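Architecture at a glance
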Amino acid sequence: MSSLYERIKQLTRAREERKQQASATPPAPVNLQLHPARAASMMLRTYQVTGVNFLRNTKRAILADAPGLGKTFMATEAAVLPCVISCPRLLMRQWETFIAEQYPADPLVVAGEGDVIQRATAIETFRAQGGWMIINHDMWRRFVPPPAQTLIIDESHNMKNREAQRTKRITVYATKAVPRVYMLSATPVHKDASDLYSQLHILDPGTFSSFWRFCSNHLIMIDYGYGSKVVHVKD
């Protein structure tokens, strides 16, 4: 008991010493340098330049920065046109406003609204003129966009269900019709690490071809009688 007590005292003393050192050390200067961008009225911060270069160089990646750091801006700056943007229905207007304001010279089509004929017409317009096309995630159940150079999947954690029809169809499109896939999500893992599988499968179905192999290689799971549950990530 006494040895445990002494250990707790040592840890407490060490923590207090770290606090004192931290308070005595002046904070490092924040890099507020701005860099040119293609956008009409925005410039890139240094960390955003890093994000843009990451997407451009990797070509198929998940950008999981925290909310407010500019994932939308980084993705559009890294995109090569023509570009398809797939997002939740509630975010379509936000994307439309951003593209229209920051890239006013680029053609822009919103195909995620209206009846079937209106949506099909919008898709054909995009096929003819290029630029940007915004669709909602649920459209993948019925429509397939024309081939493009970039696919941006916003809130990509919505594609975590590997059995969903929209997940299967977007995987085929991402594999066969577009060389660049940028997935954006501040929370790519919602329930547990198995949520990552479908997103990784969309990016690289060759490497991540089997859900159960992914689980066996990277996750610790238990069988609780009614199915399997992830309890830990392997080191």
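Residues numbered from 1 in each chain as written. Predicted model: local features only at pLDDT ≥ 70, side-chain atom pairs only at ≥ 80, totals over all residues. Heavy atoms only, no water.

1. Looking at the overall build of the protein
- Secondary structure summary: the protein contains eight helices and 10 strands in total.
- Going through the 235 residues of the protein one by one, you find that 38% of them count as buried.
- Approximately 13,500 Å² of the protein is accessible, and the part contributed by carbon and sulfur atoms is 55%. (Helix = DSSP H or I, 4+ residues; strand = E, 2+ residues; numbered from the N terminus. Buried < 20%, exposed > 50% of the residue type's maximum accessible area, 1.4 Å probe, protein only. Areas by Shrake-Rupley, 256 points an atom, 1.4 Å probe, with all protein chains shown as cover.)

2. Remarks on the pattern of salt bridges
- Considering all chains together, one arrives at eight salt bridges under this definition.
- Between E163 and R162 there is a salt bridge, with its nearest N and O atoms 3.9 Å apart.
- Residues joined by salt bridges that share partners form a network here, namely R93, E96 and E113. (Salt bridge = Lys/Arg side-chain N within 4 Å of Asp/Glu carboxyl O.)

3. Focus: the nonpolar core
- Counting residues in each nonpolar core, the largest one holds 25 residues, and the members touching the most others are L55, I85, W95, I99, Y103, W132 and I152.
- At the level of secondary structure, the elements contributing two or more residues to this core comprise α2 (46–58), β3 (60–63), α3 (71–78), β4 (83–87), α4 (92–102), β6 (132–136) and β8 (180–184).
- Listed in part, the 24 residues of the second largest apolar core include A122, Y173, A177 and M183. (Core = buried A, V, L, I, M, F, W, Y, C linked by side-chain atoms within 4.5 Å.)

4. Quick word on the pairing of β3
- Residues of β3 alternate between two faces, with A61 and L63 buried on one and R60 and I62 left unburied on the opposite face.
- As judged from the four bridges shared by β3 and β8, these two strands associate in the parallel manner. When the bridges of β8 are listed, L63 appears paired with L184. (Pairing = 2+ DSSP bridges.)

5. Description of the packing of helix α6 (residues 165–176) against helix α7 (residues 196–203)
- The geometry of α6 relative to α7 is characterised by a closest axis approach of 8 Å and an angle of 30° between their N-to-C directions. Put simply, α6 runs roughly parallel to α7. Two secondary-structure elements touch here, α6 through T167, I170, T171 and A174 and α7 through S198, H201 and I202. (Axes fitted to C-alpha atoms, helices over the stretch in contact; angles between N-to-C directions. Parallel < 35°, antiparallel > 145°, perpendicular 65-115°, else oblique. Contact = heavy atoms within 4.5 Å.)

6. Focus on the packing of aromatic side chains
- Enumeration according to the criterion identifies eight aromatic pairs in this entry.
- On the numbers, 5.4 Å between centres and 75° between planes, the contact of Y197 with F211 is edge-to-face. Here the residue Y197 occupies a position in helix α7, and F211 occupies one in helix α8 (residues 211–218), the gap between them amounting to 14 residues. With respect to class, Y197 is no different from F211; both count as buried.
- When the centroid spacing of 6.2 Å and the interplanar angle of 70° are considered together, the rings of F208 and F214 count as edge-to-face.
- When its relative accessible area of 7% is taken as the criterion, F214 is described as buried. (Phe/Tyr/Trp six-rings, centres within 6.5 Å; stacked < 30°, edge-to-face > 60°.)

By themselves, these observations are geometric and do not establish any function.
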